[in-house]
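Each chain is listed here by its residues.
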Amino acid sequence: MILIFLGPPGSGKGTQAKLLAEKLKIAHISLGDLLREEVRIGSVIGKQAKAMMDAGKLVPDELTIELAQNRIKKDDCRRGFIMDGFPRSAAQADAFDKMLAQNKLTLGAAVYFAVDEEPLVKRLLLRAQLEGRADDTESVIRTRFEVYAKQTAPLIEHYKKIGKLVEIDAARPIDQVTKELFALEAIASVL
Ligand code: AP5
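None of these values were measured; they are calculated from a predicted model. (Residues numbered from 1 in each chain as written. Predicted model: local features only at pLDDT ≥ 70, side-chain atom pairs only at ≥ 80, totals over all residues. Heavy atoms only, no water.)

**A closer look at the sheet that holds strand 5 (residues 165–169)**
A sheet is described by the order of its strands in space; here 5 strands give the open sequence 2-3-1-4-5, paired in parallel fashion. With one partner strand each, in any of the chains shown, strand 2 (27–30) and strand 5 form the two edges of the open sheet. Each strand of the sheet is rotated relative to its neighbour by a mean of 20°, with strand direction disregarded. (Pairing = 2+ DSSP bridges. Helix = DSSP H or I, 4+ residues; strand = E, 2+ residues; numbered from the N terminus. Axes fitted to C-alpha atoms, helices over the stretch in contact; angles between N-to-C directions.)

Written out as structure tokens, the structure is:
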């Protein structure tokens, strides 16, 4: 099972991807986590990515595409994987379509986490108090939303056009979102 989780910052992609990946025994691939790890170890990619991440902007496509390409070749992806936060641009979506075709893999669904911006700003500011993530300040959060609207939201149409988009109401409490996610036809059929 191969899934894409698509949605604005703070919409719960990471939270739900972790739960579903455990349930389906597939890999959870968070591009944000992969990039934060590159920054932590001070790699070449990490050094190039840090300023963009701190500013809430997208890291250059060639870096994220390379990271995604290498990650899906790992053993834990054999049963499938959830792409959390990738693709986020038209170029990434194009590259991902090609990656799947080259590896003879088929996308199960692109799950769109639909929710308005304001409650998400509150969620992320709350997380800032709990976890202190560097990009969870109000001004960077606003930039992340602008970037999402310009560069990532158009992908909703792309996945709709190819018949892979499914939408869930991500404004509800975590356990209710999980329930709706697990009940989606594409997912319930393999649970
Ligand atoms: P990334 O780490 O992916 O950040 P993001 O997309 O902004 O996503 P978040 O982790 O903030 O939100 P989420 O939807 O996963 O929600 P979560 O479950 O964590 O990316 C960070 C940066 O890396 C980007 O800005 C960019 O610079 C770079 N980057 C990453 N991918 C890239 C790519 N493909 N291309 C280029 N650059 C890239 O939940 C958020 C909070 O809300 C948590 O505290 C959680 O407990 C809480 N919560 C979750 N669900 C609910 C709910 N239903 N109700 C109440 N609270 C909830």
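**With respect to the nonpolar core**
With 34 residues, the main nonpolar core has Phe81, Met83, Phe96 and Tyr159 as its most contacted residues. Once residues lying within four places of it in the same chain are set aside, the contact partners of Met83 are Leu3, Ile4, Phe5, Ile29, Leu31, Ala68, Ile72 and Phe96. If you look at the next biggest cluster of nonpolar residues, it comprises 24 residues, including Phe5, Leu124, Ile141 and Leu181. (Core = buried A, V, L, I, M, F, W, Y, C linked by side-chain atoms within 4.5 Å. Buried < 20%, exposed > 50% of the residue type's maximum accessible area, 1.4 Å probe, protein only. Contact = heavy atoms within 4.5 Å.)

**Side note on unusual backbone geometry**
Backbone torsion omega between Phe86 and Pro87 reads -5°, so that peptide bond is classified as cis. Tracing the chain through its elements places Pro87 in the loop between strand 3 (81–84) and helix 5 (90–102). The backbone of Lys25 shows a phi angle near 55°, a positive value even though the residue is not glycine. Mapped onto the secondary structure, Lys25 falls in the loop between helix 1 (13–24) and strand 2.

**So, empty space enclosed by the protein**
Counting across every chain of the model gives 1 cavity of 30 Å³ or more. There is about 40 Å³ of room inside the largest cavity. Lining the largest cavity, in full, are Phe5, Leu6, Gly7, Lys13, Gly85, Pro87, Arg88 and Thr152. In terms of residue class, the lining of the largest cavity is made up of 3 nonpolar, 3 polar and 2 charged. (1 Å grid on protein atoms, 1.4 Å probe; cavity = no way out; pocket = protein on both sides within 12 Å on 5 of 7 lines; lining within 4 Å. Points joined across faces, edges and corners; volume = space filled by probe spheres on them. Nonpolar A, V, L, I, M, F, W, Y, C, P; charged D, E, K, R; others polar.)

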